[in-house]
Amino acid sequence: MAATVHQFDTHLFLIVLTPPISGFQDFIGAWLVAGPESVYLVDVGPASTADPLIDAITALGVDRLDYICLTHIHMDHAGAVGHLARQFPGTPVVCHPKGTPHIVDPERLWQGTLKTLGETGRAYGPMLPVDPSWIATESQLASAPFQLLDTPGHSPHHYAISTNGCLFAGEAGGVCLPLPSDDIYLRPATPPRFFLETSLSSIDRLMATRSETLCYGHFGMREDGMNMLAMHREQLLFWEKMLAVETAGQGMDSVDFANRWVDLLLAEDPLLNGFSQLAPEVQVREREFLCNSVKGFVGYLASLKENPISNFE
Ligand SMILES: [Zn+2]
């Protein structure tokens, strides 16, 4: 199926990628910057949607890429990198150094994805390896039309990409889904192992760019980027306060435990207000991600109780 393409200004496109998973519509995408001076991708989506992505890029009249950038090495963002690099040979692949081993030899990442995501992982499809010589060199990065911001938190190998007042945040600014109304649905993307201070510093690094145009990894663009990031920062502190009352005990990794907290957070966190406006199958998907984010927080808070000093990653 052909990918939907949203155009945001003359040079900025969001190519919507829809893997064959229930509720995964309007959730995964690749950003294409097709300027007069340089053309590059930010994230490529999973391997299973490599063909519609390549078709969409070609249909936009793009026949070369100057960079293929990856915000982080999760299958829904980086899975198609090997396919894209083969389609556009010689294009430097930009990836966090901690993530490079995973794209050069993706077998362990693939096995891990199958183990943690099961059917969803299978629907993303296996990544093709990237030749080490395709990874962007320091001099290629030095002349790039964007800056890389080291923004760990959602994953230890996470970059945000900043260019001309526009910020590609990956998942360092949370996940924000467009709604049919003015309401908001913004949630933490804090799976285990999560470290609050690491994520807060990354948000501060994003805010230091003063970029108002914020392009989310999930999903779409906001023109009030600084406000969104400030609200997300507060949200992480609010979750910390709410979840801190939980005393370490048995069953904390059970599905019921996480779901109970998700229900409480849906009732108390104003930034989750828009949840009820999501389609039923999207709510199912989001509840799973919310549970995982709760588990990240609970694990972090438990680690603080065990070892209050070494909580920085
Ligand atoms: Zn993601």
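Residues numbered from 1 in each chain as written. Predicted model: local features only at pLDDT ≥ 70, side-chain atom pairs only at ≥ 80, totals over all residues. Heavy atoms only, no water.

**Student:** Just checking my understanding: could you explain the overall build of the protein for this structure?
**Tutor:** Counting its secondary structure elements, the protein contains 11 helices and 13 strands. Its C-alpha radius of gyration of 19 Å places the protein within 12% of the 20 Å reference for a compact globule of 313 residues. When the backbone C-alpha atoms are referred to their principal axes, the protein occupies close to 55 × 40 × 40 Å. The burial tally for the protein puts 56% of its 313 residues in the buried class. Considering only contacts within the protein whose residues lie at least 6 apart along the sequence, 69% involve residues at least 24 apart. Carbon and sulfur atoms form 53% of the exposed surface of the protein, whose accessible area is close to 13,800 Å². Put simply, the protein has 18 plus and 36 minus side-chain charges, and the middle of one group is 6 Å from the middle of the other. (Helix = DSSP H or I, 4+ residues; strand = E, 2+ residues; numbered from the N terminus. Rg over C-alpha atoms; globule rule 2.2 N^0.38 Å. Buried < 20%, exposed > 50% of the residue type's maximum accessible area, 1.4 Å probe, protein only. Contact = heavy atoms within 4.5 Å. Areas by Shrake-Rupley, 256 points an atom, 1.4 Å probe, with all protein chains shown as cover. Lys, Arg positive; Asp, Glu negative; His and termini not counted. Charge placed at Lys NZ, Arg CZ, Asp CG, Glu CD.)

**Student:** Is there a simple way to think about the sheet that holds strand 4 (residues 39-42) in this case?
**Tutor:** Strand order in the open sheet made by the 6 strands is 1-2-3-4-5-6, with mixed pairing throughout. Of all the strands in the sheet, just strand 1 (5-9) and strand 6 (93-94) have a single pairing partner and so form its edges. Bridging between strand 3 (residues 28-34) and strand 4 involves 4 bridges; their strand directions are antiparallel. Each bridged residue has a counterpart across the sheet, and for V33 the counterpart in strand 4 is Y40. Contacting strand 1, strand 2 (12-17), strand 3 and strand 4, helix 1 (residues 50-59) crosses the sheet at an angle of about 150° to strand 2. (Pairing = 2+ DSSP bridges. Axes fitted to C-alpha atoms, helices over the stretch in contact; angles between N-to-C directions.)

**Student:** Is there a simple way to explain helix 5 (residues 107-117) in this structure?
**Tutor:** Note on helix geometry: an α-helix contains 3.6 residues per turn, so any two residues three or four positions apart are oriented the same way. Residues of helix 5 that are buried include every one of L109, W110, T113 and L114, and no others. Projected down its long axis, helix 5 carries its buried residues within an arc of 135°, all on one side. Of the residues in helix 5, the exposed ones pointing more than 90 degrees away from the buried face are R108, K115 and T116. Looking at the residues trailing helix 5, positive phi occurs at G118, about 55°. (Arc of directions from axis to C-beta.)

**Student:** Which parts of the structure should I look at to understand the coordination of the zinc ion?
**Tutor:** Coordination angles at a metal have ideal targets, namely 109.5 degrees for four tetrahedral donors and 90 or 180 degrees for six octahedral donors. Distances from the zinc ion to its protein donors, D76 (OD), H77 (NE2), E171 (OE) and H218 (NE2), fall within 2.0 to 2.3 Å. Given 4 donor atoms and angles of 84 to 175° at the metal, the environment of the zinc ion is assigned as irregular. Summarised as a motif, the one-chain spacing of the donors to the zinc ion is D-H-x93-E-x46-H. Each member of the pair, D76 together with H77, is buried. (Donors = N, O, S within 2.8 Å, 3.2 Å for Na, K, Ca; no water. Tetrahedral: all angles 85-135°; square planar, octahedral: opposite > 155°, others 65-115°.)

**Student:** Teacher, can you tell me more about the packing of helix 10 (residues 255-268) against helix 11 (residues 280-306) here?
**Tutor:** Working note: a packed helix pair is described by the angle between its axes plus the distance between those axes. Relative to each other, helix 10 and helix 11 sit at 100°, their axes nearing to 9 Å. Taken together, the axes of helix 10 and helix 11 are roughly perpendicular relative to one another. Facing helix 10, whose interface residues are F257, A258, N259, W261, V262, D263, L265 and L266, helix 11 presents R287, L290, C291, V294, K295 and V298. Classifying every residue of the contact of helix 10 with helix 11 gives 10 nonpolar, 1 polar and 3 charged. (Parallel < 35°, antiparallel > 145°, perpendicular 65-115°, else oblique. Nonpolar A, V, L, I, M, F, W, Y, C, P; charged D, E, K, R; others polar.)

**Student:** Explanation requested: the layout of surface pockets in the structure shown.
**Tutor:** Picture a little ball the size of a water molecule; that probe, rolled over the atoms, points out where space is still empty. A volume near 1,300 Å³ is recorded for the largest pocket. Along its surface, the largest pocket is lined by 42 residues, and H74, T116, L117, P191 and N292 are the ones closest to its centre. Of all elements in the fold, only helix 2 (75-78), helix 5, helix 6 (119-124), helix 10 and helix 11 reach the threshold of two or more residues within the lining of the largest pocket. Ranked by residues supplied to the lining of the largest pocket, first place goes to helix 11 with 9 residues. Taken as a whole, the second largest pocket encloses approximately 340 Å³ of empty space. Lining of the second largest pocket is provided by 19 residues; of these, H11, V33, Y40, T163 and N164 occupy positions nearest its centre. Those elements that place two or more of their residues in the lining of the second largest pocket are strand 1 and strand 9 (166-170). When grouped by side-chain class, the residues that make up the lining of the second largest pocket number 9 nonpolar, 7 polar and 3 charged. (1 Å grid on protein atoms, 1.4 Å probe; cavity = no way out; pocket = protein on both sides within 12 Å on 5 of 7 lines; lining within 4 Å. Points joined across faces, edges and corners; volume = space filled by probe spheres on them.)

**Student:** Would you take a moment to explain unusual backbone geometry for this structure?
**Tutor:** Here the bond from P192 into R193 is cis, since omega is -10°, no more than 30 degrees from zero. Residue position: R193 is located in the loop between strand 11 (186-187) and helix 8 (196-207). The amide bond that connects H218 to the next residue, F219, takes the cis arrangement and shows omega of 5°. Tracing the backbone through its elements, the reader meets F219 in the loop between strand 12 (213-216) and strand 13 (220-222). Backbone geometry places R210, a non-glycine residue, at a positive phi of 55°. Note on placement: R210 falls in the loop between helix 8 and strand 12. For R210, a relative accessible area of 60% translates into the label exposed.

**Student:** Would you take a moment to explain the pairing of strand 2 for this structure?
**Tutor:** Each regular strand shows side chains that alternate between the opposite faces of the sheet. Within strand 2, 6 of the 6 residues are buried, leaving the element largely enclosed by the surrounding structure. With 4 bridges connecting them, strand 1 and strand 2 associate as antiparallel partners. Along strand 2, the bridge assignment pairs D9 with L12. Where strand 1 folds back onto strand 2 in an antiparallel hairpin, the turn is made up of 2 residues.

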